[in-house]
Amino acid sequence: MSNFFDALETRTETDREADLFSALRIQIAHAVENAPYYERALAGIDPDGIRDRRALGDLPVLRKSDLPALQAEHPPLGGLATQNTGKFRRLFLSPGPIIEPEADEEHWRMGRALHAAGIGADDRVLNAFAYHLTPAGFMFDHGCAAVGAAVFPGGVGNTDQQGEAIVKLGLTAYVGTPDFLKTILERADENGLDTSSLKRALVSGGPLFPNLREWYEARGISVRQCYGTAELGLIAYESGGPADGMMTDEHALVEIVRPGTGTPVAPGEVGEVVVTTFNPLYPLIRFATGDLSAFMSEASPCGRTGPRLKGWMGRADQTTKVRGMFVHPAQVARIIEPFGGIDRARLIVTEQEGHDRLTLHVESEAEPNGLAEKLAEALRAECRLRGEIVFDRPGSLPNDGKVVDDRRQLGV
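Owing to the predicted nature of the structure, the values given are computational and were not obtained by experimental measurement.

Enquirer: An account of the pattern of salt bridges is needed here, citing residue identities and associated values.
Expert: Taken as a whole, this structure holds 31 salt bridges when the rule is applied. The partner of R334 in a salt bridge is E382, with the nearest N and O atoms 2.9 Å apart. Placement of R334 in helix α9 (residues 329–336) and of E382 in helix α10 (residues 371–383) is noted, with a sequence separation of 48 residues between them. Take R334: its relative accessible area is 34%, and that puts it in the partly exposed class. Residue R346 pairs with D405 through a salt bridge whose shortest N-O separation is 3.4 Å. One end of the pair, R346, is in strand β18 (residues 342–352); the other, D405, is in strand β21 (residues 404–406), and 59 residues separate them in sequence. There is no split in this pair, since R346 and D405 are both buried. Bridged by salt links that share partners, the residues D6, E9, R109, R112, D249 and R304 form one connected network.

In structure tokens:
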């Protein structure tokens, strides 16, 4: 297998910037002409004047957190699409809720990350991302096709069957959330199954903690992680060890800006990740992800010449990702709204032995009969995640404005 997915990965910085900004000017003109949102948002912008990163500051930022309201005001895609909604191949509804379209031509570009993880034409891949409601399963399915790998569409859950599939199909690689593979392998161990055929993994949708990476490596599994979103596709990916950071995708224009603004930060400073991609049917120009990261200044030891991110370094807001699903403060309000007697609530995210744990703390004078079960069901329905319910006395939760409290320790 070649070290590089294609020649784009070894371009000079000058050539890369010229190519990206040429594509950006075409995308801006196309979006203004064909997408109602951009006709308004980019009114008066001369595409020909956007020739370097300094000029990007003239363009407004579109925030991921704004999409639900935008889509509600201009259904179903907020005026961002350049074609009729019925012409898309698939439409997804992710938590938030946020609608994402899939075009006929593959536009998530996950093949590059799979290649860097060593996954290719000789592999049989367990795809443990969901194939329903959200697009993650299809994102990585298309990526496997791009590198010539066969796919077992395992999806989420069904732990026993996933382990059996590894054995019966001789599966050699895994794509999914970082902790679910550990769950599968531990259950397979309990069932006396030999899963040693599995040698490689590409994970996303949550943090890959150092102790979890070490656990996989002790079993002979080489793990890499990538960073992307349902709207943008691939943003960055590991090409080496965790200290080497994450290469930005060759078809994404990635910026780091001061949170809450569109102003670029100084080199090496932590800020919000803002991305522009070039899907002509669903243009996303200066799309603010809400994630924090920083650029690395040194050249990558892998030989790729593109910019590198230090990795995921938290959220610019309280939104966080748990088991591959985004959890928003507004969702906590919707969970408790139907139930009386709850003063305040806080969703606490922790990590235990490589697994995410979700606990909803609610302030209440007493625990009404059956309320814990009702809240647990409301949490699962709203966030598509299971969690525990804890009742606290009124006034005991900190008065610091936090609704989603991510207490996981990230080793980046």
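Enquirer: Mind laying out the UniProt feature "domain: AMP-dependent synthetase/ligase" (unreviewed entry) in the protein chain, listing which residues take part and the relevant values?
Expert: Taken from the UniProt record, the annotation "domain: AMP-dependent synthetase/ligase" (unreviewed entry) applies to residues 164–276. Taken as a whole, residues 164–276 contains 23% helix and 32% strand, while its terminal C-alpha atoms sit 41 Å from one another.

Enquirer: Which residues make up the nonpolar core, and what values do they have?
Expert: Formed by 38 residues in total, the largest nonpolar core has its most connected members in Y38, L62 and L80. For this core, the secondary structure elements donating two or more residues are α1 (13–34), α2 (36–41), α3 (67–73), β9 (233–237), β11 (252–257), β12 (271–277) and β13 (284–293). Top contributing element to this core by residue count: α1, with 5 residues. Sequence-distant contacts of L80, that is, excluding residues within four places in its chain, are made with A35, Y37, Y38, L62, L67, L70, Y282, P283 and L284. Ranked by size, the runner-up nonpolar core spans 24 residues in total, among them A113, L114, A116 and I119.

Enquirer: Requested: an account of the packing of helix α7 (residues 180–190) against helix α8 (residues 210–218), with residues and values cited.
Expert: Closest axis-to-axis distance for the α7/α8 pair is 11 Å, and the angle between their directions is 40 degrees. The angle between α7 and α8 falls in the class oblique. α7 and α8 meet at a crossing whose hand is left-handed. Contacts from L181, K182, L185 and E186 of α7 reach α8 at L212, W215 and Y216. Residue composition of the contact of α7 with α8, by class: 5 nonpolar, no polar and 2 charged.

Enquirer: Break down the sheet that holds β21 for me, with residues and values.
Expert: Taking strand neighbours across the sheet as the criterion, the 4 strands line up as β20-β19-β18-β21 in an open arrangement whose pairing is mixed. The open sheet is flanked by β20 (388–392) and β21, the only strands paired with a single partner. Averaged over all adjacent pairs, the angle separating strand axes in this sheet is 25 degrees, with direction ignored. Lying on the sheet, α9 is in contact with β18, β19 (355–364) and β21; it crosses β18 at an angle near 125 degrees. Contacts from α10 reach β18, β19 and β20, with the element oriented near 130 degrees to β20.

Enquirer: Lay out the environment of V265 with the relevant residues and their values.
Expert: Tracing the backbone through its elements, the reader meets V265 in the loop between β11 and β12. In this structure V265 comes out as buried when scored by relative accessible area, which is 14%. Not counting residues up to four positions away in its chain, the partners in contact with V265 are I256, V257, R258, V270 and G271.

About the criteria used
- Residues numbered from 1 in each chain as written.
- Predicted model: local features only at pLDDT ≥ 70, side-chain atom pairs only at ≥ 80, totals over all residues.
- Heavy atoms only, no water.
- Salt bridge = Lys/Arg side-chain N within 4 Å of Asp/Glu carboxyl O.
- Helix = DSSP H or I, 4+ residues; strand = E, 2+ residues; numbered from the N terminus.
- Buried < 20%, exposed > 50% of the residue type's maximum accessible area, 1.4 Å probe, protein only.
- UniProt positions renumbered as here; feature names shortened; annotations may be inferred.
- Core = buried A, V, L, I, M, F, W, Y, C linked by side-chain atoms within 4.5 Å.
- Contact = heavy atoms within 4.5 Å.
- Axes fitted to C-alpha atoms, helices over the stretch in contact; angles between N-to-C directions.
- Parallel < 35°, antiparallel > 145°, perpendicular 65-115°, else oblique.
- Left-handed = near helix turned anticlockwise from the far one by under 90°.
- Nonpolar A, V, L, I, M, F, W, Y, C, P; charged D, E, K, R; others polar.
- Pairing = 2+ DSSP bridges.

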